[in-house]
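Take a look at the letters that make up each chain.
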Protein chains: 2
Amino acid sequence: MLTSPLYHHHASHCATSVLSRTLKRSILASSSWTFTNDGGTTDRRFYSTCSSSLKQVDNNVVDVSDDQQQNMTSFPKNSSSTIITDAPPKWSELESSQTESFWSHGIKTPFFLVDLQVLNRNCRAMIQKANECGISLRAHVKTHKTLEGAKYQTIGLKDPKLVVSTLAEAEYYSAHYKDIHYAVPALSKSKLKQIETLTRRIPKFHIDVESEASLKIIEEYAKNHNIQFSVFVQVDCGQHRVGVDPNDEASLRLVQKIHESPHVKLAGLYTHAGQSYACRGKEEIRKVTIEEAKIVSDFAQKLKTLGIHVPTVSVGSTPTCSVGTAEEWSNTLVNEIHPGNYVFYDYMQTKIGSCEIKDCSAFVVATIIGHRPNMNQLTIDAGALALSKDIGCSNVSCASYGYIKEDETLQITNLTQEIGIVTSEKPINYEKFRLGAKLTIIPNHSCLSAAMFDKYYVINNSIEAKLVDVWSNIRGW
Amino acid sequence: MLTSPLYHHHASHCATSVLSRTLKRSILASSSWTFTNDGGTTDRRFYSTCSSSLKQVDNNVVDVSDDQQQNMTSFPKNSSSTIITDAPPKWSELESSQTESFWSHGIKTPFFLVDLQVLNRNCRAMIQKANECGISLRAHVKTHKTLEGAKYQTIGLKDPKLVVSTLAEAEYYSAHYKDIHYAVPALSKSKLKQIETLTRRIPKFHIDVESEASLKIIEEYAKNHNIQFSVFVQVDCGQHRVGVDPNDEASLRLVQKIHESPHVKLAGLYTHAGQSYACRGKEEIRKVTIEEAKIVSDFAQKLKTLGIHVPTVSVGSTPTCSVGTAEEWSNTLVNEIHPGNYVFYDYMQTKIGSCEIKDCSAFVVATIIGHRPNMNQLTIDAGALALSKDIGCSNVSCASYGYIKEDETLQITNLTQEIGIVTSEKPINYEKFRLGAKLTIIPNHSCLSAAMFDKYYVINNSIEAKLVDVWSNIRGW
């Protein structure tokens, strides 16, 4: 029997995952730590100083009740009956195994750090918003690509459902979720083969269609393999990246064809207001939110009058879903949102107006490895492979490759492969930013930065900074 | 006994490597293929068309003899006595197992493709140049991070030596190479611990020093752990990223201190003319090459007059080493070059003037997943996570996120996480660039793009395009 390379590829993922779990157990079970102490006292002080200053920021773009804020690191007592997926690790269990501050373990830099308190707050706020709006949440997992992150995104949801950006993610999550939408058009036979497997594996697996030509390819495959694919029609609501033109008669004909085809069934309409990344401030985002909902909803309405049932009308981008409220989505046919970046947020999202610095839950931690006083520079060991070279979006100006929590006047002005150059308009305090000290950086674009790492170190919150978990992500395609 | 997370991390790397080797054997040993056929005929035609047009380009920036060009895919008959490292797989063995064109295997896109004929030519040209100049080559492996690539870089060298950019690379290569320079300053205890292990493991392991403060940290560690570290002094020859100022008296004092210290020994001077990435054309590069060599050589000369022996004077960047000749390096103390990107080259290097399109050996292969005729656009399934968002260097303008071999008028003007937008100033031929067809893209910056993949598919050459190997790389830190 020949062994399929595809199978090996999958096996490789599993093995890596198992190894990472072993590593995780090892780290979490140890009562003392084998990493060397790396000047923890000073680092801890940096982080605490930063946290204190952040306390002064008290506005949150998302609505979280006081009661919920108090409970943000424990699970709702009355929600067990509605949780379908396994619960993430319990805090009490994790905390009892911790004896030292996270920083004292001397994890090698650069590494990727997640503040679970903030992540949990972000996830719960989005769930609450969807509930309040009477809209379902299909959590996009492309930003973190972890099982744990997805579980926080879907805590308490009766029918948890995801969007994924790669088939590698789809494979991984299909062991845990029964409703997954792979939202990147796939037309090659190798991908359709994998999509066939996934469609047979879980109750609801959806793919995308955006033209008659692509429908033809998908239908032909389905016909030849005796399967029916569930398809979302991608609708272009202004980004002009993918999706059908909702004002084109051909788009109506496409959906009509899907409606009549025995080889595919219509899951719904799916749109992504990527143009929201060019916004500055909530008012601009709100306009795009209204536009996004109106365009896709009007298109759904036209289909309805043609007698075509559209089960799902899905909108979403982190800016529009962070700012959007029942007001923007009321009187529309929108019944699903699918944001993803909000789990971590990032520096770019703060510039756009989706969130504030205190809402960012993901960081790249770097070590200061050089002083260059004559140029008022620091050198750090996080370069393009840790932070990514994303300079931010179109007309949103990010003067730095990230936001340095320890001192917001510091800017990362240049990145080579493994080295970052930090400068400031003010004289750098080299006593404070000594050689070997750590910097905690909010990346410009957390999706791209997170994908550079194979694991995330997770701390309970920024005050105690206790290591409570290590998450593995599913990279590649 | 407590298990060190560090150990597990290392074990994880090894296990991944073993799995990848299994995958590789499986792929190469199969006499028929389990991937589906993905429209191979058309794809093959695209690639062949492209290759034919490339034949018309006959200038090479590097000097390769006719004899060597004929032998470029086999090993020199008389070199076995001087090859220390294992030879890469033999072509005859590999070819006999191939029954179909590479393209027919339907590997999922995006994937990373290496043209071994071009890579081999690039590697041999650099070895030959070093030999002709009487300078030794310390091959930088940060671009590909593979064992196989390093072996091509060091074919026939009696004392093969490498530069690495991460400790993960250092760990990996230390099983195969006896002389490794880790060329990113490291000051944290966790890294120094690993450096200690590497120093004890192989005969020659070198690290960097660029200030008295960093020397103090390194010396203290060495003293406390009863070890002597071998150090290169990084010299700033104009990039102003890392390295000592060669015109500062303090820099001489630093080397003097190293010279006198019992805890460190001087391996040499190391400089990187990163400013060469801002050049356009060979003449500008040649000036930087001369400047780079002169600055570090003059500094070495000053040290010599102080009675300090400087074993190695190392220069290098792919632009300066591609253009440099014996003329630029003669009458200097330069005795080592350490380029790395030349193995793959990339679109940016063609703009700088280091090479031509025909010298690029690494590609991202993507599938066309959307047509948007009203905007004269194509959509491809290679986004920022496949190509990286590197837009090129400072004043070197790259209007596209890569060079599309099938049609140089096509430009990748925008990248989101998993999707690329391709446009053209000319009307796109949608008949030729049908849905499902493949595009072969030279990335702007091959170092950053390669690191997004966990393996490279290696073909013998662009005409036959037979899959001959699958290489695994060592990512992370």
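If you check an unreviewed UniProt entry, chain A appears there as D-serine dehydratase from Naegleria fowleri. The UniProt entry for chain A carries this comment under Catalytic activity (unreviewed entry): "D-serine = pyruvate + NH4(+)".

Engineer: When you look at the overall build of chain A in this model, what are you seeing that I'm missing?
Structural biologist: When helices and strands are tallied, chain A shows 16 helices and 17 strands. Sorting the 477 residues of chain A into buried and exposed places 64% on the buried side. Long-range pairs, those at least 24 residues apart, make up 74% of the contacts in chain A with a sequence separation of at least 6. Surface accessibility of chain A: about 17,400 Å² in total, with carbon and sulfur atoms responsible for 50%.

Engineer: Any chance you could explain unusual backbone geometry here in plain terms?
Structural biologist: Peptide bonds are trans in most cases, and residues, glycine excluded, mostly fall at negative phi. Residue and element names in this part refer to chain A. Residues threonine 109 and proline 110 are joined by a peptide bond in cis, for which omega reads -5 degrees. Looking at where proline 110 falls in the secondary structure, it is placed in the loop between α4 (91-96) and β1 (111-115). The phi torsion at asparagine 376 lies on the positive side, around 50 degrees, for a residue other than glycine. Positionally, asparagine 376 belongs in the loop between β10 (362-372) and β11 (377-380). Residue asparagine 376 is classed as buried on the basis of its relative accessible area, which comes to 19%.

Engineer: In this structure, what is going on with the sheet that holds strand β8 (residues 312-315) of chain B? I would like to understand it.
Structural biologist: The pairing of strands in a sheet comes from backbone hydrogen bonds and takes either a parallel or an antiparallel form. All names here are of chain B. Strand order in this closed barrel of 8 strands is β2-β3-β4-β5-β6-β7-β8-β9, and the pairing throughout is parallel. Judged from the 3 bridges that link them, strand β4 (residues 179-182) and strand β5 (residues 204-209) form a sheet pairing that is parallel. If you follow histidine 181 over to β5, its bridge partner there is histidine 206.

Engineer: Would you mind going over the nonpolar core with me for this structure?
Structural biologist: Taken as a class, soluble globular proteins show a tendency for nonpolar side chains to be buried jointly. The biggest cluster of nonpolar side chains holds 254 residues, and the ones touching the most others in it are A:Tyr173, A:Phe205, A:Phe229, B:Tyr173, B:Phe205 and B:Phe229. Other than its neighbours up to four places away in sequence, B:Tyr173 contacts B:Val141, B:His144, B:Lys145, B:Thr146, B:Leu147, B:Ala150, B:Leu162, B:Val164 and B:Ile180.

Engineer: Teacher, can you tell me more about the pattern of salt bridges here?
Structural biologist: Close approach of charged atoms allows side chains with opposite charge to pair. Residues and elements named next belong to chain B. Tallied over the full model, the rule gives 32 salt bridges over all chains. Among the ionic pairs, arginine 121 bridges to aspartate 359, the shortest N-O distance being 3.4 Å. Taken together, the positions of arginine 121 in helix α5 (residues 116-133) and aspartate 359 in the loop between α14 (347-352) and β10 (362-372) put the pair 238 residues apart, joining distant regions of the chain. This pair shows no difference in class: arginine 121 is buried, exactly as aspartate 359 is.

Engineer: Sorry if this is basic, but what is going on with the sheet that holds strand β6 (residues 229-235) of chain A here?
Structural biologist: Residue and element names in this part refer to chain A. With parallel pairing, the 8 strands of this closed barrel are ordered in space as β2-β3-β4-β5-β6-β7-β8-β9. Sheet topology places strand β8 (residues 312-315) next to strand β9 (residues 336-337); 2 bridges connect them, and they run parallel. Residue pairing for β9: valine 315 is matched across the bridge by isoleucine 337.

Engineer: What should I look at first to understand the pairing of strand β7 (residues 264-271) of chain A in this one?
Structural biologist: Regular strands place their side chains on alternate faces of the sheet. Residue and element names in this part refer to chain A. When you tally the buried positions in β7, you get 7 out of 8 residues, the bulk of the element. For the handedness criterion, the β-α-β arrangement of β6, helix α10 (residues 249-260) and β7 is classed as right-handed. By the bridge criterion, 3 bridges tie β7 to β8 in an arrangement that is parallel. Across the sheet, residue leucine 269 finds its bridge partner in β8, namely valine 313. In this fold, the crossover linking β7 to β8 by way of helix α11 (residues 282-305) has right-handed handedness.

Engineer: So what exactly am I meant to see when it comes to the domain arrangement of chain A here?
Structural biologist: Residues and elements named next belong to chain A. Each domain of chain A was delimited in the assignment, giving domain 1 (117-342) and domain 2 (357-472). Carbon and sulfur atoms supply 51% of the area that domain 1 and domain 2 bury against each other, a total of about 1,500 Å² over both sides. At the junction of domain 1 and domain 2, the tally comes to 1 salt bridge. The tally of links between domain 1 and domain 2 comes to 6 residue pairs in polar contact (both at pLDDT 80 or more). Of all elements in the fold, only α5 (116-133) and α6 (147-153) reach the threshold of two or more residues within the side of domain 1 that touches domain 2. In terms of residue class, the side of domain 1 that touches domain 2 is built from 6 nonpolar, 7 polar and 5 charged.

Engineer: Help me understand the packing of aromatic side chains, please; the structure alone is not making it clear to me.
Structural biologist: Two aromatic rings are characterised by how far apart their centres lie and by the angle between their planes. By the definition in use, this model includes 24 aromatic pairs over all chains. When the centroid spacing of 5.8 Å and the interplanar angle of 75 degrees are considered together, the rings of A:Phe344 and A:Tyr456 count as edge-to-face. One end of the pair, A:Phe344, is in the loop between β9 and α14 (347-352); the other, A:Tyr456, is in strand β16 (residues 455-459), with 112 residues separating them in the sequence. An identical accessibility class is assigned to A:Phe344 and A:Tyr456; each is buried. For the ring pair B:Phe111 and B:Tyr457, a centre distance of 5.4 Å and an interplane angle of 75 degrees mean the geometry is edge-to-face. Taken together, the positions of B:Phe111 in strand β1 (residues 111-115) and B:Tyr457 in strand β16 (residues 455-459) put the pair 346 residues apart, joining distant regions of the chain. Judged by its relative accessible area of 7%, B:Tyr457 falls in the buried class. Three or more aromatic residues joined by ring pairs form one cluster here, namely A:Phe112, A:Phe344, A:Phe453, A:Tyr456 and B:Trp477.

Engineer: I keep staring at helix α9 (residues 212-224) of chain B and nothing clicks. Help me out?
Structural biologist: Because an α-helix packs 3.6 residues into every turn, residues spaced three or four apart end up facing the same way. All names here are of chain B. Spanning 13 residues, α9 covers 18 Å between terminal C-alpha atoms, matching the ideal 18 Å at 1.5 Å per step. Ser214, Leu215, Ile218, Tyr221 and Ala222 are the residues of α9 that are buried. Buried residues of α9, seen end-on, are gathered within an arc of 130 degrees and therefore sit on one face of the element. Those residues of α9 that are exposed and angled more than 90 degrees off the buried face are Lys216, Lys223 and Asn224. Looking at the buried residues of α9, the elements they touch are α8 (189-201), β5, β6 (229-235), α10 (249-260) and β7 (264-271).

Engineer: Looking at this structure, how should I read the packing of α10(A) against α11(A)?
Structural biologist: Helix-helix packing: each pair is described by the crossing angle between the helix axes and the interaxial distance. Residue and element names in this part refer to chain A. Where α10 meets α11, the closest approach of the two axes is 11 Å, and the angle between their N-to-C directions is 60 degrees. As the angle between them shows, α10 and α11 are arranged oblique. The hand of the α10/α11 crossing is right-handed. Across the interface between the two elements, Ser251, Leu252 and Val255 of α10 pack against Phe299, Lys302 and Leu303 of α11. Residue composition of the contact of α10 with α11, by class: 4 nonpolar, 1 polar and 1 charged.

Engineer: Could you clarify how one ought to interpret the environment of B:Lys223 in this entry?
Structural biologist: Residues and elements named next belong to chain B. Its location among the elements puts lysine 223 in helix α9. Owing to a relative accessible area of 57%, lysine 223 belongs among the exposed residues under this scheme. A C-alpha to C-alpha distance of 9.4 Å links lysine 223 and valine 264, two positions 41 residues apart in sequence.

Conventions and cut-offs
Residues numbered from 1 in each chain as written. Chains lettered and ligands numbered in written order. Predicted model: local features only at pLDDT ≥ 70, side-chain atom pairs only at ≥ 80, totals over all residues. Heavy atoms only, no water. UniProt positions renumbered as here; feature names shortened; annotations may be inferred. Helix = DSSP H or I, 4+ residues; strand = E, 2+ residues; numbered from the N terminus. Buried < 20%, exposed > 50% of the residue type's maximum accessible area, 1.4 Å probe, protein only. Contact = heavy atoms within 4.5 Å. Areas by Shrake-Rupley, 256 points an atom, 1.4 Å probe, with all protein chains shown as cover. Pairing = 2+ DSSP bridges. Core = buried A, V, L, I, M, F, W, Y, C linked by side-chain atoms within 4.5 Å. Salt bridge = Lys/Arg side-chain N within 4 Å of Asp/Glu carboxyl O. Right-handed = clockwise from strand over helix to strand, strands pointing away. Domains from an automatic or database assignment. Buried area = accessible area lost by both parts, 1.4 Å probe. Polar contact = N/O pair within 3.5 Å; in protein donor to acceptor, adjacent residues only side chain to side chain. Nonpolar A, V, L, I, M, F, W, Y, C, P; charged D, E, K, R; others polar. Phe/Tyr/Trp six-rings, centres within 6.5 Å; stacked < 30°, edge-to-face > 60°. Expected span 1.5 Å × (residues − 1). Arc of directions from axis to C-beta. Axes fitted to C-alpha atoms, helices over the stretch in contact; angles between N-to-C directions. Parallel < 35°, antiparallel > 145°, perpendicular 65-115°, else oblique. Left-handed = near helix turned anticlockwise from the far one by under 90°.

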